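Remarks on the overall topology
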Amino acid sequence: MFMHNKKLMYTVRVSEPNLVLASLMLEQFGGPQGELAAAMRYFTQGLADEDPGRKDLLIDIATEELSHLEIIGSIVAMLTKGAKGKLAEGAEATADLYANITQGNGSHTLSLLYGGGPALVNSAGQLWTGGYIDSIGEPTADLRSNVAAEARAKIIYERLINVTDDPGVKDALGFLMTREIAHQKSFEKALYAIDNNFPPGKLPGKPEYTDKYYNTSQGEGDMRGPWNQGAQWEFVDVKMGDAPVNGGDGNPTVKLAASELAAVNAVAARTMSKPDSDPLTGADLGAGPGAGKTKTTT
């Protein structure tokens, strides 16, 4: 059960309306790295988690993300407040109003379709989708994904901070960006509070492949580093024509029943190509000058 406190988690002061900035702010309202996506990701993970400590953590952060959604939505609403009234009441000359709502980016969409209110779209107008939620139901995988999600959200906040000179908006965005850092820390601590957290899941990797680094992209630019050298790694140069790493000839095989094999062979025979043929086709007739030799027929 939820109870709503009408006060924002962080006081926001917007200096003046700015429709273009409002459109950009929608990235953190209805975008893939935004606050709604974060809240839904952590709520669904928390509801399914069997560990009471992680469940509490996930629900706490999910609830906070909803408060962040409210902050971003309030910023969008304040940035569009002037145009919202003018558009609704026709309180400005047509040319001036048109210029006001078409300043750039998706400001006209925000104004016309959504009346200046925050909408569940990203900064390009793409509708929010549950496809943004990438949870897989395994804590050792989901917590790593959560750390990455918070990192991406922090970067978006940094970029938003860099495109506004409104001190009040910068201040609020700085708070939201900082909370992404705090959440990363919590998720990392929760991950490493699980004794056997790597590799994710229950099954171990095949030991003959776990510590091998296959150098499959070779040439100028090859580099060595902690990702492919040291006590944990066996570095393997993969050469053209090398046998598959597990032996064999590299060709896929499947066992078929006699009737299945007969059907496959019949399809292959019926659809066999003739490499030595060169039929006249519509592509030849419509190819235009210089596309190839003109064929003659008798």
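Residues numbered from 1 in each chain as written. Predicted model: local features only at pLDDT ≥ 70, side-chain atom pairs only at ≥ 80, totals over all residues. Heavy atoms only, no water.

For clarity, the threshold we go by: UniProt positions are given in the numbering used here, feature names are shortened, and annotations may be inferred rather than shown by experiment.
The name given to the protein in an unreviewed UniProt entry is Manganese catalase family protein, and the organism recorded there is Azospirillum melinis. The record in UniProt for the protein states the following under Sequence similarities (unreviewed entry): "Belongs to the manganese catalase family."

**What about the overall build of the protein?**
Spelled out, the test is: Elements are defined by DSSP. Helices are runs of H or I of four residues or more, strands are runs of E of two residues or more, and each kind is numbered from the N terminus. We call a residue buried when its accessible area falls under 20% of the maximum for its residue type, exposed when it is over 50%, and partly exposed in between, using a 1.4 Å probe and counting protein chains only. Residue contacts are defined here by distance: any two heavy atoms, one from each residue, within 4.5 Å place the two residues in contact.
Broken down by element type, the protein carries 12 helices and two strands. Reading the protein from its N terminus to its C terminus gives the helix and strand order α-α-α-α-α-α-α-α-α-α-β-β-α-α. Across the 298 residues of the protein, 31% fall into the buried class. Within the protein, residue pairs in contact and separated by at least 24 positions form 68% of the contacts whose partners lie at least 6 positions apart.

**Here we look at empty space enclosed by the protein**
Threshold: For each structure, a 1 Å grid was placed over the protein atoms alone; sets of points admitting a 1.4 Å probe that cannot get out are labelled cavities, open sets with protein on both sides within 12 Å along at least five of seven lines are labelled pockets, and lining residues have an atom within 4 Å of a point. Grid points are joined across faces, edges and corners, and a volume is the space filled by probe spheres set on the points. As a working rule, the residues Ala, Val, Leu, Ile, Met, Phe, Trp, Tyr, Cys and Pro are called nonpolar, Asp, Glu, Lys and Arg charged, and the rest polar, with Gly in that last group.
Inspection of the entire model under this criterion finds one cavity of 30 Å³ or more. Along its surface, the largest cavity is lined by 14 residues, and Gln-33, Ala-38, Arg-41, Ala-149 and Ala-153 are the ones closest to its centre. Among the elements of the structure, helix H3 (35–48) and helix H8 (139–162) are those that each provide at least two residues to the lining of the largest cavity. By residue number, the principal contributor to the lining of the largest cavity is H3, which donates five residues. Among the residues forming the lining of the largest cavity, the class breakdown is six nonpolar, two polar and six charged.

**Considering helix H4 (residues 52–79)**
Convention followed: To estimate how far a helix should extend, the number of its residues minus one is multiplied by 1.5 Å. Throughout this description, a polar contact denotes any pair of N or O atoms lying within 3.5 Å of each other; where both atoms belong to protein, one of them has to be capable of donating a hydrogen while the other can accept it, and for residues adjacent in sequence the pair is counted only when both atoms sit in side chains.
Here H4 is 28 residues long and its end C-alpha atoms lie 41 Å apart, about the 40 Å a rise of 1.5 Å per residue gives. Between the side-chain oxygen at the start of H4 and the backbone nitrogen of Gly-53 there is a gap of 3.1 Å, and the oxygen is on Asp-51.

**Quick notes on the packing of H4 against H8**
Filter applied, for reference: To obtain each axis, a line is fitted to C-alpha atoms, and for helices this fit is confined to the stretch in contact; angles are then taken between N-to-C directions over 0 to 180 degrees. Under this scheme an angle from 65 to 115 degrees is roughly perpendicular, one under 35 degrees roughly parallel, and one over 145 degrees roughly antiparallel; angles in between are oblique. Two helices crossing with the near one rotated counterclockwise from the far one by less than a right angle form a left-handed crossing, whereas a clockwise rotation gives a right-handed crossing.
Orientation of H4 relative to H8, taken along the N-to-C sense of each, is 20°, at an axis distance of 14 Å. Overall, the two elements H4 and H8 adopt an arrangement that is roughly parallel. As for how H4 packs across H8, the hand of that crossing is left-handed. Facing H4, whose interface residues are Arg-54, Leu-58, Glu-65 and Ile-72, H8 presents Pro-139, Leu-143, Asn-146, Glu-150 and Tyr-157. A breakdown of the residues in the contact of H4 with H8 according to their chemical character gives five nonpolar, one polar and three charged.

**Quick word on the packing of aromatic side chains**
To keep it simple, the criterion reads: Geometry of aromatic contacts follows a simple scheme: Phe, Tyr and Trp rings, the Trp one being its six-membered ring, pair when their centres are within 6.5 Å, and the pair is stacked under 30 degrees between planes, edge-to-face over 60, tilted otherwise.
As enumerated under the stated definition, the model contains six aromatic pairs in all. Look at Phe-2 and Phe-43: their rings are 5.6 Å apart centre to centre, the planes differ by 85°, and that puts the pair in the edge-to-face class. With Phe-2 in the segment before helix H1 (19–25) and Phe-43 in helix H3, this residue pair connects regions lying 41 residues apart in the sequence. When the centroid spacing of 6.3 Å and the interplanar angle of 85° are considered together, the rings of Tyr-213 and Trp-233 count as edge-to-face. Remark: Trp-233 occurs in the loop between strand E1 (212–215) and strand E2 (234–237) and Tyr-213 occurs in strand E1; sequence separation between them is 20 residues. Classification of Tyr-213 as partly exposed rests on a relative accessible area of 26%.

**A word on a nonpolar patch on the surface**
Let me state the cut-off plainly: Exposure above 30% relative accessible area and the lack of any salt bridge qualify a residue for a patch; like charges then connect within 9 Å, and the nonpolar side chains Val, Leu, Ile, Met, Phe, Trp and Tyr within 5 Å. The protein chains shown are the only cover counted for residues, whose accessible areas, like all others here, come from Shrake-Rupley with a 1.4 Å probe. A pair is scored as a salt bridge if a Lys or Arg side-chain nitrogen falls within 4 Å of a carboxyl oxygen belonging to Asp or Glu.
Taken together, Val-254, Leu-256, Leu-261 and Val-264 make up a surface patch of nonpolar side chains, about 360 Å² in accessible area. On the secondary structure map, Leu-261 appears in helix H11 (residues 258–270).

**Some thoughts on the pattern of salt bridges**
Scanning all chains against the criterion turns up five salt bridges. Between Arg-54 and Asp-49 there is a salt bridge; the shortest N-O distance is 2.9 Å. As far as the burial class goes, Arg-54 and Asp-49 line up, both buried.

**Focus on the nonpolar core**
Condition: As used in this record, nonpolar core signifies buried Ala, Val, Leu, Ile, Met, Phe, Trp, Tyr and Cys residues forming a set joined through side-chain atoms within 4.5 Å.
In terms of nonpolar packing, the biggest core is built from 26 residues, with Met-25, Ile-75 and Leu-173 touching the most fellow members. Elements represented by at least two residues in this core include exactly H1, H4, H8 and helix H9 (167–192). With near-sequence residues (within four places) excluded, Ile-75 lies in contact with Val-12, Met-25, Val-169 and Ala-172. Ranked by size, the runner-up nonpolar core spans 14 residues in total, among them Ala-38, Leu-143, Ala-190 and Ile-194.

**Some remarks on unusual backbone geometry**
Of note, the amide linkage connecting Phe-198 to Pro-199 takes the cis form, showing an omega dihedral of -5°. Along the polypeptide, Pro-199 turns up in the loop between H9 and helix H10 (207–210).

**What about the side chain of Glu-180?**
In this structure, Glu-180 sits in helix H9. Contact partners of Glu-180, with chain neighbours within four places excluded, come to Glu-35, Glu-65, Glu-150, Ala-153, Lys-154 and Tyr-157.

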